[in-house]
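If you want the building blocks of each chain, they are given just below.
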Amino acid sequence: MASNQQHQNHPPPPLGSRIAIIGAGVSGLAAAKQLRHYEPVVFEASDCVGGVWKSCSYESTKLQSSRADYEFADFPWPNRDDQSFPTYVEVLEYLESYGKHFDVLKFVKFNSKVVDLRFIGEPPTAADFGSNRPGEYGSLLPGQQVWEVAVQTNNSDSIEWHSFEFVVVCTGKYGDIPKTPVFPNNKGPETFKGQVLHSIDYCKLDKEAASQLLKGKKVAVVGFKKSAIDLALECAMANQGPGGQPCTMLVRTLHWTVPHYWVWGLPFFLFYSTRFSQFFHRRPNESLLRTLFCLLLSPMRRGLSKFIESYLLWKLPLLKYGLKPDHPFEEDYASCQMAIMPENFFAEANKGKIVFKRISSKWWFYEGGIEFEDSTRLEADVVILTTGYDGKKKLKAILPEPFRSLLELPSGLLPLYRGTIHPLIPNMAFVGYIESVANLHTSELRSIWLSRLVDNKFKLPSVEEMLEQTSKEMEIMRQSTRFFKRHCISTFSINHSDEICEEMGWNAWRKKNWLLEAFSPYSSQDYEQNK
């Protein structure tokens, strides 16, 4: 926190800047491009664009979807027909090219970490934070400074303050602050004589340092999501030949993985990513008749999930290794938990280079490795925690009260209208906090919506109506999956986009004819602004 003298003598923002954007990852670049006519100031803590693609990527990290499914509406990949999944380096190059093409990099202040925010607008009253508060959200650009932004530049000790009318937070839910397990006294990492690190620490290692860490070592990887799977494979590859040690994956919660986007010869999008396929799933604001229709079709929906599961059990040796989840595939899809399995992962498992151990929620360290609740032990030299990130803590670190407390709901989700506006936090937007099949497209469409909102092309509904809408979405997500911990709209993403289009005054149906509308997937290209 800066001193009062620093606070009083902070410099004004650069001429013409009324909007601040925090973060220059995918969401920050999308927001900067859509708001570039306001000449926003983009504060980026690192020395390059890309966000988690730069800070949370391994040597083997690749995109989870095809290029055509992960591109901006008006900036296609140069080799978009290449069927291989792009590496993280290719994604970074694509994002930088996007920034250069639309001349938004000139707005980015690199090595500028936002460490604090201070609200200087009209003080909210206690009534403003009631759950049933009616009324309007207010103007996004009121003509006066509302937020002060504290920025630490080049890791210096000094803090610079800037003032803005509107702030767009694009720091995302991943990276920066690791989420780590809590251990009993004297049974934490300090007890272990080996090395303990989180996946974010591993991401900072270069190729040679990572290989040195893993080669010839007994490595335990805690987790079984995409980061854990990639890391275990890297460990296996570093331990080829004589002297190589197997990597042990400690698996608590199983999730379905897919080897590619085809199921029994059919493209995966047919099952979940067309308007027809999403008709089988619940969505907010649906009529009673449609709710009953979804109920009647639920056996077919479960049948489709079983159909996909049958392919995965045939294609992957999940039963052999005890990796078959107990829950339906559709629950992983509805919670954005689905991951792509690297092609040679199970080949390494067959060679004994990757082994699996199912664990309960309770485990701790002893001096030689990890001890479990049943008193069994696993010897280890290195333990890597792929236990996720604390995005909420990252937001709380910079957001002041009383707004900080508004981030916590019983559901654990951030209540955002259209995935962008918190109805009770004035003059602030959040981009990149809602997940779908293609997060780049999700962020871009909401950035277009936000830009038109800032331009006063349409008005927000009342605060009460916005809160009601977010509650409806959360209820649908809660009913769809037991993994209700993230704002995932995958099963009703087209409907979500429809409502955004209608609010902007666009046509919701974006295809050329009804056949394409029903059975072809929606992508970023369908939401080009001239359509």
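Everything here concerns the structure above.
Summarised in this report is the structure supplied together with it. Worth saying up front: this structure is predicted, and the values here are computed from it rather than measured.

**Here's the deal with the overall build of the protein chain**
Right, on to step 1. When helices and strands are counted, the protein chain shows 17 helices and 20 strands.
Right, on to step 2. Here the protein chain has a C-alpha radius of gyration of 24 Å; the compact-globule value for 531 residues is 24 Å, and the two agree.
Right, on to step 3. Each principal axis of the C-alpha atoms in the protein chain carries an extent, and together these give about 70 × 60 × 45 Å.
Right, on to step 4. Within the span of the protein chain, comprising 531 residues, buried residues form 55% of the whole.

**Observations concerning the packing of helix α2 (residues 26-34) against helix α14 (residues 439-454)**
Right, on to step 1. Orientation of α2 relative to α14, taken along the N-to-C sense of each, is 30°, at an axis distance of 9 Å. Considering their axes alone, α2 and α14 lie roughly parallel with respect to each other. Here α2 runs over α14; the crossing is right-handed. Side by side, α2 and α14 meet where Val-26, Ser-27, Ala-30, Ala-31 and Gln-34 of the first sit next to Leu-440, Ser-443, Glu-444, Ser-447, Ile-448 and Ser-451 of the second.
Right, on to step 2. Across the contact of α2 with α14, the residue classes tally to 5 nonpolar, 5 polar and 1 charged.

**With respect to the packing of aromatic side chains**
Right, on to step 1. Under the defined criterion, the tally for this structure stands at 42 aromatic pairs.
Right, on to step 2. Relative to Phe-164, the ring of Phe-43 has its centre 6.1 Å away and its plane inclined at 75°; by these criteria the two rings are edge-to-face. Taken together, the residues Phe-43 in strand β2 (residues 41-43) and Phe-164 in strand β6 (residues 159-164) connect sequence positions 121 residues apart.
Right, on to step 3. Since its relative accessible area comes to 2%, Phe-43 is described here as buried.
Right, on to step 4. Taken together, the ring pairs connect Phe-85, Tyr-261, Phe-268, Phe-271, Tyr-272, Phe-307, Phe-329 and Tyr-333 into an aromatic cluster.
Right, on to step 5. Positioned over the ring face of Phe-372 is Lys-357, at 4.7 Å from the centre of the ring.
Right, on to step 6. Just above the ring of Tyr-522 sits the side chain of Lys-511; from NZ or CZ to the centre is 4.7 Å.

**A word on the state of the cysteines**
Right, on to step 1. Taken as a whole, this structure holds 1 disulfide when the rule is applied.
Right, on to step 2. Each disulfide pairs two cysteine sulfurs, and for Cys-336 the partner residue is Cys-488, the sulfurs being separated by 2.1 Å. For the disulfide bridge between Cys-336 and Cys-488, the dihedral angle about the S-S bond is near 80°, and by the sign convention the bridge is right-handed. Linking Cys-336 in the loop between α11 (329-334) and β14 (339-340) with Cys-488 in the loop between α15 (463-480) and α16 (493-504), this pair joins segments that are 152 residues apart in sequence. For the pair Cys-336 and Cys-488, a shared accessibility class is recorded, and that class is buried.

**Section: a nonpolar patch on the surface**
Right, on to step 1. On the surface, Trp-264, Leu-266, Leu-270, Phe-307 and Trp-314 cluster together into a nonpolar patch covering about 480 Å² of accessible area.
Right, on to step 2. Position of Leu-266 among the secondary structure elements: in strand β13 (residues 266-267).
Right, on to step 3. A residue is classified by how much of its surface remains accessible, and Leu-266, at 35% relative accessible area, is partly exposed.

**Some details on helix α10 (residues 288-315)**
Right, on to step 1. The end-to-end C-alpha distance of α10, which contains 28 residues, comes to 40 Å, matching closely the 40 Å that a straight helix rising 1.5 Å per residue would cover.
Right, on to step 2. The largest bend along α10 measures about 50° and falls at Leu-297, with the proline Pro-299 one to four residues further on.
Right, on to step 3. Buried within α10 we find Arg-290, Cys-294, Leu-297, Ser-298, Arg-301, Ser-305, Ile-308, Glu-309, Tyr-311 and Leu-312.

**Quick word on the sheet that holds strand β4 (residues 112-119)**
Right, on to step 1. Pairing within the open sheet is antiparallel, and its 3 strands lie in the order β4-β5-β6. Since the sheet does not close on itself, it has two edges, and those belong to β4 and β6, each with one partner. Going from strand to strand, the sheet's axes swing by 30° on average, the running direction of each strand aside.
Right, on to step 2. Examined bridge by bridge, strand β5 (residues 147-153) and β6 share 6 bridges and lie antiparallel to one another. Bridging from a neighbouring strand, Ala-150 pairs with Trp-161 of β6.

**Quick word on the pairing of strand β1 (residues 19-22)**
Strand residues, when the strand is regular, have side chains that alternate between the two faces of the sheet.
Right, on to step 1. With burial as the criterion, each face of β1 is covered, one bearing Ile-19 and Ile-21 and the other bearing Ala-20 and Ile-22.
Right, on to step 2. Note: β1 against strand β7 (residues 166-169), 4 bridges, orientation parallel. Across the sheet, residue Ile-19 finds its bridge partner in β7, namely Phe-166.
Right, on to step 3. Bridge count for β1 against β2 is 3 bridges, and the pairing is parallel. Note on β2: the bridge partner recorded for Ala-20 is Val-41.
Right, on to step 4. You can see the chain leave β1, run along α2 and come back into β2, and the turn it takes is right-handed.

**Examining unusual backbone geometry**
With glycine set apart, most residues show a phi of negative sign, and most peptide bonds adopt trans.
Right, on to step 1. Going from Glu-401 to Pro-402, the amide bond is cis rather than trans, its omega being 5°.
Right, on to step 2. Relative to the assigned elements, Pro-402 resides in the loop between α13 (391-396) and β20 (428-430).
Right, on to step 3. The backbone phi angle of Ser-375 is positive, close to 75°, even though this residue is not glycine.
Right, on to step 4. With respect to the secondary-structure elements, Ser-375 resides in the loop between β17 (369-372) and β18 (377-379).
Right, on to step 5. For Ser-375, a relative accessible area of 55% puts it in the exposed group.
Right, on to step 6. Even without glycine at this site, Asn-456 takes up a positive phi of about 60°.

What counts and how
- Residues numbered from 1 in each chain as written.
- Predicted model: local features only at pLDDT ≥ 70, side-chain atom pairs only at ≥ 80, totals over all residues.
- Heavy atoms only, no water.
- Helix = DSSP H or I, 4+ residues; strand = E, 2+ residues; numbered from the N terminus.
- Rg over C-alpha atoms; globule rule 2.2 N^0.38 Å.
- Buried < 20%, exposed > 50% of the residue type's maximum accessible area, 1.4 Å probe, protein only.
- Axes fitted to C-alpha atoms, helices over the stretch in contact; angles between N-to-C directions.
- Parallel < 35°, antiparallel > 145°, perpendicular 65-115°, else oblique.
- Left-handed = near helix turned anticlockwise from the far one by under 90°.
- Contact = heavy atoms within 4.5 Å.
- Nonpolar A, V, L, I, M, F, W, Y, C, P; charged D, E, K, R; others polar.
- Phe/Tyr/Trp six-rings, centres within 6.5 Å; stacked < 30°, edge-to-face > 60°.
- Lys NZ or Arg CZ within 6 Å of the ring centre and 35° of its normal.
- Disulfide = S-S within 2.5 Å.
- Patch = residues over 30% accessible without salt bridge, like charges linked within 9 Å, V, L, I, M, F, W, Y side chains within 5 Å.
- Areas by Shrake-Rupley, 256 points an atom, 1.4 Å probe, with all protein chains shown as cover.
- Salt bridge = Lys/Arg side-chain N within 4 Å of Asp/Glu carboxyl O.
- Expected span 1.5 Å × (residues − 1).
- Bend = angle between axes of the 7 residues up to and from the residue.
- Pairing = 2+ DSSP bridges.
- Right-handed = clockwise from strand over helix to strand, strands pointing away.

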